[in-house]
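So the chains spell out like this:
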Amino acid sequence: MSSPTRRLTVAQALVRFLSVQYTERDGVRQRLIAGTWGIFGHGNVAGLGQALLEAGEDAMPYHQGRNEQAMVHAAVGYARQLDRLSAQAVTTSIGPGATNLVTGAALATVNRLPVLLLPGDSFATRAADPLLQQLEHPVEADLTVNDTLRPVSRWFDRVTRPEALIPAALHAMRVLADPVETGAVTLALPQDVQAEAHDWPEEFFAERIWRVRRPAPDPAELAAAARAIERAARPLIVAGGGVHHSGAEDALRALVDATGIPVASTQAGKGSLRHDHPADLGGIGHTGTAVCDDLARAADLVIGVGTRYTDFTTASNTLFQNPDVRFVNLNIAAFDAHKLAASSLVADARTGLDALTEALAGHRVDAGYEAEYRAGKERWERVVTAAYRGDDAAVPTQTQVLGALDAVVGDDDVVINAAGSLPGDLHKLWRARGRRQYHLEYGYSCMGYEIPAAIGVQQATPDTPVWALVGDGTYLMMPTEIVTAVQEGLPVNLLLIQNHGYASIGGLSESVGGERFGTAYRYRAADGTFSGDPLPVDLAANAGSLGMDVLRATTVRELRDALATARASDRPTCVYVETDTATATAPPAEAWWDVPVAATASREAAVRAREEYERQVAARRRHL
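Sequence positions are assigned chain by chain, starting from 1 and proceeding in written order. Side-chain atom pairs in this predicted model are given and counted only at pLDDT of 80 or more, local residue features only at pLDDT of at least 70, and totals for whole chains, interfaces and linings cover all residues. Excluded from the side-chain calculation are hydrogens and water; included are all heavy atoms of the structure.

1. Some thoughts on the environment of Pro96
Put simply, DSSP H or I for four residues or longer makes a helix, DSSP E for two residues or longer makes a strand, and each gets a number counted from the N terminus. Here Pro96 lies in helix α4 (residues 96-99). With relative accessibility at 45%, the residue Pro96 sits in the partly exposed group. In the structure, Pro96 is positioned 28 residues away from Ala124 in sequence and 19 Å away in space, judged by C-alpha atoms. Classification of residues uses two cut-offs on accessible area relative to the type maximum, computed with a 1.4 Å probe and protein chains only: under 20% is buried, over 50% is exposed, and between them is partly exposed.

As structure tokens, this is what we get:
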């Protein structure tokens, strides 16, 4: 007797399949693919577009985007806010719609965050060849522009026949739900195949639960890690994004309360402890705090929890200077657990921290070490307070902008940023109060991420105040999703800081002998350089033209009032402020970052920068 089947198009079958996929962790179940973003063209309008229409909002909510890259950013923000347990899909036409996905896919994969990409593709039958927007390759006839997504996807497949959808869709869900493998997953869908009908087994549409595991540590690895910690005189925990993804904040706090080991945070891990916990020392590395980086230089054991150890964290391998320093890395991915020649502890962050707390029962660091780092924390708090403080009647500096925001937000607000000079100031200065308050995309540091990500976060947690912090350079990259926020009635808050150019790259350029070349938004001067008057660009008017309510602030007091008004609003609201860039209130970098400097140059600035570079690079070491 044959099994029952259902006749649907490939696109209809895929949407139906996605609507009944779930994750489950710790007994909590939720939709794996909770909605689909889409911009339609000839490559998907009659396939996935028609299928989404036919399925209806209850089966698969549809979200209308304005830019394909931005749709991926929104989906990534959504997944991060929900601890990677629920994700969204993104569908595009062929051609530029598909290639616009590449930057978003890279961001998702670098940050280990799930998103399902469903780009249209050229005809599988090649009935018409070439198609509109089809790339022809002289020696690879089966190559399409979607192949650009292969290196930035954790899993890729091209569904060239209807029956191939079944294994492809199952593999895609497996990767998206796997905390080790997750990232961007691409199913390239030829437009003719999308519309082709097939008899599908009913079992394909049965509810399916993908259980998100919490692997426990190997007993031998656990014992070795505990011994290393017990022998260390100056241990330091480096908390990464894995702490948040695992929901391991309480487990981390329990370990720290029991042992007294201090905690430094990466950009992704900030907020693993509340800022006012006596063992929370703030950010580490190039954008870290003085107390964190001082402790890191002298640490004899570094305990990484859920971190990838990027060059910002390690100060390009110049930070951990104790000749006897060793590493223990707790990570769910063996790929990351081995880094810096560490003693690996491969496990879920929460499970591993719980096991370490039990294994270290009765152990505590020396009281003198605790007193040392607590005194350093107090000194740094005074630095933060000074950076935040400003005359109420004065034009605010960027750090005073953060101080005004700090005075307004609640514990559950989410502050989103990704690029420019803000990540450094935030990592050093922000007082994170909740596990999800500090949302920095610094794995890919993608300009334009913040506004669409704020939309995704707002979708994931509708009652949470959400703030997208952007400078003028980032705003001009991708303001388009403001229209989406207005359309959907999402009350995201945009804090738009005007500083007339690429402030972060300008400072970096100056430090490496580039003399801020090409980093200012100004008219050309007589010598041909962009050093004339600032451009008469009104970004607040632009945000208003896209449908946002706009509040302009010129002083610290006006800024605080505007931020409070925005937070209380139920409409998408932009707070616009022009900052004082002449007054330096941000603390300097406490550790180095390797950006190679010209080995030969005639300009004095570059010559001096090379001398400093050679001095700094001499401190680099390999941890073996």
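2. Re the pattern of salt bridges
Salt bridge, as applied in this entry: a Lys or Arg side-chain nitrogen positioned within 4 Å of an Asp or Glu carboxyl oxygen. Counting across every chain of the model gives 38 salt bridges. Between Arg620 and Asp594 there is a salt bridge, with its nearest N and O atoms 2.0 Å apart. With a gap of 26 residues between them, Arg620 in the segment after α24 (604-617) and Asp594 in the loop between β23 (573-578) and α24 connect regions that are remote in the sequence. Residue classification places Arg620 among the partly exposed residues on the basis of a relative accessible area of 36%. The closest approach of N and O atoms between Arg610 and Glu614, which form a salt bridge, is 3.1 Å. Of this pair, Arg610 and Glu614 both sit in helix α24, four residues apart, roughly one helical turn. Sharing partners across several salt bridges, the network here consists of Asp26, Arg214, Asp348 and Arg350.

3. Quick look at the sheet that holds strand β22 (residues 549-553)
Read across the open sheet, the six strands follow the order β19-β18-β20-β21-β23-β22; overall the sheet is parallel. Single-partner strands in this sheet number two, and they are β19 (438-440) and β22. Between one strand axis and the next, the sheet turns by 20° as a mean value, whatever way the strands run. For strand β20 (residues 466-471) and strand β21 (residues 493-498), the ladder comprises five bridges, and the chain directions are parallel. Within β21, the residue paired with Leu469 across the bridge is Leu495. Residue contacts are counted whenever heavy atoms from the two residues lie within 4.5 Å of one another. Only the stretch in contact is used when a helix axis is fitted, and all axes are lines through C-alpha atoms; the angle between N-to-C directions ranges over 0 to 180 degrees. Lying on the sheet, helix α18 (residues 450-460) is in contact with β18 (414-417), β19, β20 and β21; it crosses β20 at an angle near 175°. Strand pairing requires that DSSP identify at least two bridges connecting the strands.

4. Considerations on the packing of aromatic side chains
When two rings of Phe, Tyr or Trp (its six-membered ring) have centres within 6.5 Å they constitute a pair, described as stacked for plane angles under 30 degrees, edge-to-face for angles over 60, and tilted for the intermediate range. Applying the stated criterion across every chain, the model contains eleven aromatic pairs. When the ring of Phe312 is compared with that of Tyr442, the centres are 5.2 Å apart and the planes differ by 75°; the resulting orientation is edge-to-face. One end of the pair, Phe312, is in helix α12 (residues 311-314); the other, Tyr442, is in the loop between β19 and α18, and 130 residues separate them in sequence. Given a relative accessible area of 22%, Tyr442 falls into the partly exposed group. With 5.7 Å between their ring centres and 55° between their planes, Trp592 and Tyr613 make a pair best called tilted.

5. Looking at the packing of helix α11 (residues 290-298) against helix α15 (residues 367-388)
One can describe the packing of α11 onto α15 by two numbers: an axis separation of 8 Å at closest approach and a directional angle of 150°. On the side of α11, the interface is formed by Ala290, Val291 and Leu295, while α15 contributes Tyr369, Glu372, Tyr373, Gly376, Lys377 and Trp380. Ten residue types, Ala, Val, Leu, Ile, Met, Phe, Trp, Tyr, Cys and Pro, are classed as nonpolar, four, Asp, Glu, Lys and Arg, as charged, and the remainder, Gly among them, as polar. Looking at the contact of α11 with α15 residue by residue, the class counts come to six nonpolar, one polar and two charged.

6. Details of the environment of Arg364
If you trace the backbone, Arg364 turns up in the loop between α14 (349-359) and α15. Assessed through its relative accessible area of 38%, Arg364 is described here as partly exposed. Considering only alpha carbons, one finds Arg364 and His275, 89 residues apart in sequence, at a separation of 21 Å. Beyond its immediate stretch of four places on either side in the chain, Arg364 contacts Val256, Asp257, Ala258, Thr259, Gly260 and Glu370. Think of a polar contact as two N or O atoms within 3.5 Å of one another; within protein, one of them needs to be a possible hydrogen donor and the other a possible acceptor, and neighboring residues in sequence only count if both atoms come from side chains. Only 3.1 Å separates the side chain of Arg364 from the backbone oxygen of Ala258, close enough to count as a polar contact. Side-chain polar atoms of Arg364 contact the side chain of Glu370, separated by 2.9 Å.

7. Some points on the sheet that holds strand β15 (residues 301-305)
The pairing of strands in a sheet happens through backbone hydrogen bonds and is either parallel or antiparallel. Strands sit in the order β14-β13-β12-β15-β16-β17 across an open sheet of six strands; the sheet is parallel. Edge strands, defined here as strands with exactly one partner in the open sheet, are β14 (280-283) and β17 (343-346). Along the sheet, successive strands turn relative to each other by an average axial angle of 20°, direction set aside. As paired strands, β15 and strand β16 (residues 326-331) are joined by five bridges and run parallel to one another.

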